[in-house]
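Report on the structure
Chain by chain, the residues run as shown.
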Amino acid sequence: MSSGQVPNTLRVECIADDIRWVHDEQDLAEQLVHADMNQIPATIVGGGSNLVLRTRLPGVALLLKLRGIAFERLGDDDWRIVAAAGEDWQTVVDGALQRGIGGLENLTLIPGSVGAAPVQNIGAYGRELSEFLESVTVFDRQHRCYSTLTGVQCAFGYRESVFKRDALNRYVITRLALRVGRTALVTNYPDVARELADHGGGVDRKTVADAVAKVRRRKLPDPTRIGNVGSFFKNPVVTEAELDGIRAVVDIDDYPAPSGTAGRKIPAARLIDAAGWKGVRKDRVEVWSRQPLVLVNLGGATGGEVLDLAAVIRDDVYGKYGVALELEPAVLGSD
Ligand code: EPU
């Protein structure tokens, strides 16, 4: 048993009682069964890019390093990509772009591992992982065996999936199969549309990916340089009546709610911005001034400090606009 720092892009200190690297599916099954039979809490860590960690992680942290990406051509413009959980998401996107495979261009530069991608159903600029997901291979800790879940069984929603809810600790994702290729370009997201208009000329998958990359680099802090987990809050869904109430005090855009949900989705960034939080610093944490939905670790902050600032922002936004913001990343560990 050896304790160690849990990798995380927020760059906060968190020591796991025991930390182990897992290189293949057999090894993962053995480690999980061992932990479960001995009632040792086991936490799966991918890229650590959507985690807010407190200072101690009890039990064992399993760092997934499963590798391998296969591109299988099924037809003219029809591909299956099978990728192991420990690969970087960006390696998959780059591989698809290099082969001229369509679909993933809007999902470029999202930090994190392949295995983490379905947990929050990563999405950006009008596209979501769930649109491409054929199946997910998981280790089922309840039945102690591997099985395959279809996209429907994953119960995807906006930044939601079965892996975040009922099956929080039951399934460990080891592999994804994506079906990509025959998809139209999605270029109507305002920031991306503006970028493409400035670029002029023809628009193809590569130019869309470049436009998305440009917008992301401009607005979002690079987690390899400044600790962050991307959006700290989800965009709230409110009723039409609530929206009228909010609009009485703040000018705000609204969008259709995710499919199957009533109401309208509104940008949390706008509420945080209007409440005056842009660029505000508390302890060693700052609200990113180019996208106030992001909190950054200026260096040496603890997960608790980041959560404290998030709580103050949430209370303030609730007091001013009556909207209860929900945290987007997962919070793990204890102090
Ligand atoms: N806004 C402000 N002030 C700002 C920035 C934004 O008021 O300084 C308002 C504007 O009205 C703007 C709106 O917020 O139109 C939306 O901003 P943006 O386009 O940056 O997108 P977002 O809704 O804040 C979501 C995702 C991001 C994703 C982008 C692009 C969530 C929680 N976040 O942010 O995802 O990259 O859209 O699709 O859904 C992440 O999940 O970690 C993430 C970064």
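Structure first, text after, so check above.
Residues numbered from 1 in each chain as written. Predicted model: local features only at pLDDT ≥ 70, side-chain atom pairs only at ≥ 80, totals over all residues. Heavy atoms only, no water.

Glancing now at the site of the ligand. Taken together, 23 residues lie around the ligand, and Y125, Y158, Y189, D273 and Q291 are the ones closest in. Note that an oxygen atom of the ligand is positioned 2.6 Å from one of the side-chain N or O atoms of Y189. K278 places a polar side-chain atom, nitrogen or oxygen, 3.0 Å from an oxygen atom of the ligand. When isolated, the ligand has an accessible area of 820 Å², and the protein chains bury 84% of it. With three residues, the single largest contributor to the shell around the ligand is helix α6 (residues 268-274). Residue composition of the shell around the ligand, grouped by class: nine nonpolar, four polar and ten charged. (Near = heavy atom within 4 Å. Polar contact = N/O pair within 3.5 Å; in protein donor to acceptor, adjacent residues only side chain to side chain. Areas by Shrake-Rupley, 256 points an atom, 1.4 Å probe, with all protein chains shown as cover. Helix = DSSP H or I, 4+ residues; strand = E, 2+ residues; numbered from the N terminus. Nonpolar A, V, L, I, M, F, W, Y, C, P; charged D, E, K, R; others polar.)

So, about helix α4 (residues 205-219). Because the α-helix completes a turn every 3.6 residues, residues three or four places apart line up on one side. Taking 1.5 Å as the rise per residue, α4 with 15 residues should run 21 Å; its terminal C-alpha atoms sit 21 Å apart, in good agreement. Within α4, burial applies to T207, V208, A209, A211, V212, A213, V215 and R216. Its buried side turned inward, α4 meets α2 (89-98), β8 (123-124) and α3 (190-199). (Expected span 1.5 Å × (residues − 1). Buried < 20%, exposed > 50% of the residue type's maximum accessible area, 1.4 Å probe, protein only. Contact = heavy atoms within 4.5 Å.)

Bridge count for strand β10 (residues 133-140) against strand β11 (residues 145-150) is six bridges, and the pairing is antiparallel. Paired with V136 across the bridge in β11 is L149. Counting the residues between successive antiparallel strands, the hairpin from β10 to β11 contains four residues, one of them, R144, with a positive phi of roughly 55 degrees. (Pairing = 2+ DSSP bridges.)

Before going further, it helps to spend a moment on the sheet that holds strand β14 (residues 255-256). Reading across from one edge, β13-β15-β14 is the order of the three strands in this open sheet, with antiparallel pairing throughout. The sheet is open, and its two borders are formed by β13 (237-238) and β14, each paired with just one other strand. Where β13 and strand β15 (residues 264-265) come together, two bridges link them in antiparallel fashion. Looking at β15, one finds that V237 is bridged to K265.

Strand order in the open sheet made by the three strands is β16-β17-β18, with antiparallel pairing throughout. Of all the strands in the sheet, the pair left with one neighbour each is β16 (281-282) and β18 (295-297). Most of the contacts of helix α7 (residues 303-321) go to strand β17 (residues 285-287), to which it runs at about 35 degrees, and overall it touches β16, β17 and β18. (Axes fitted to C-alpha atoms, helices over the stretch in contact; angles between N-to-C directions.)

Turning our attention to the side chain of R159. Relative to the helices and strands, R159 is located in the loop between β11 and β12 (171-181). As a buried residue without a salt bridge, R159 has its nearest oppositely charged side chain in E328, at a separation of 4.2 Å. (Lys, Arg positive; Asp, Glu negative; His and termini not counted. Salt bridge = Lys/Arg side-chain N within 4 Å of Asp/Glu carboxyl O.)

This part covers the environment of A35. You can see A35 is positioned in helix α1 (residues 25-37). By relative accessible area, which is 2% here, A35 ends up buried. Separated by 276 residues in sequence, A35 and A311 have C-alpha atoms that sit 33 Å apart. Dropping the residues within four chain positions of it, A35 is found in contact with I40, A42 and V60.

With respect to the helices, strands and loops of the structure, P236 is situated in the loop between α4 and β13. The exposure class of P236 is buried, given its relative accessible area of 10%. When the C-alpha positions of P236 and P267 are compared, they lie 7.1 Å apart, and in sequence the two are 31 residues distant. The residues contacting P236, other than those within four sequence positions of it, are R264, K265, I266, A268, V323 and L325.

What follows deals with the packing of aromatic side chains. Under the counting rule described, the total for this entry stands at four aromatic pairs. Between F139 and Y146, the aromatic rings sit 5.1 Å apart at their centres with planes inclined by 70 degrees, giving edge-to-face as the arrangement. Residue classification places F139 among the buried residues on the basis of a relative accessible area of 2%. Relative to F233, the ring of F232 lies with its centre 5.9 Å away and its plane at 65 degrees, an arrangement referred to as edge-to-face. Across the pair, F233 and F232 agree in class, each one buried. A cation over an aromatic ring shows up here: R99 above the ring of F71, its NZ or CZ 3.8 Å from the ring centre. Above the plane of the ring of Y158 lies K265, whose end atom (NZ or CZ) is 3.7 Å from the centre. (Phe/Tyr/Trp six-rings, centres within 6.5 Å; stacked < 30°, edge-to-face > 60°. Lys NZ or Arg CZ within 6 Å of the ring centre and 35° of its normal.)

Turning next to the environment of V237. Residue placement: V237 occurs in strand β13. By relative accessible area, which is 34% here, V237 ends up partly exposed. The residues contacting V237, other than those within four sequence positions of it, are A257, P258, T261, A262, G263, R264 and K265.

Where α3 meets α4, the closest approach of the two axes is 9 Å, and the angle between their N-to-C directions is 115 degrees. Viewed along their axes, α3 and α4 form a crossing whose handedness is right-handed. Along the contact surface, α3 presents D191, V192, E195, L196 and H199, while α4 presents T207, V208, A211, V212, K214, V215, R218 and K219. (Left-handed = near helix turned anticlockwise from the far one by under 90°.)

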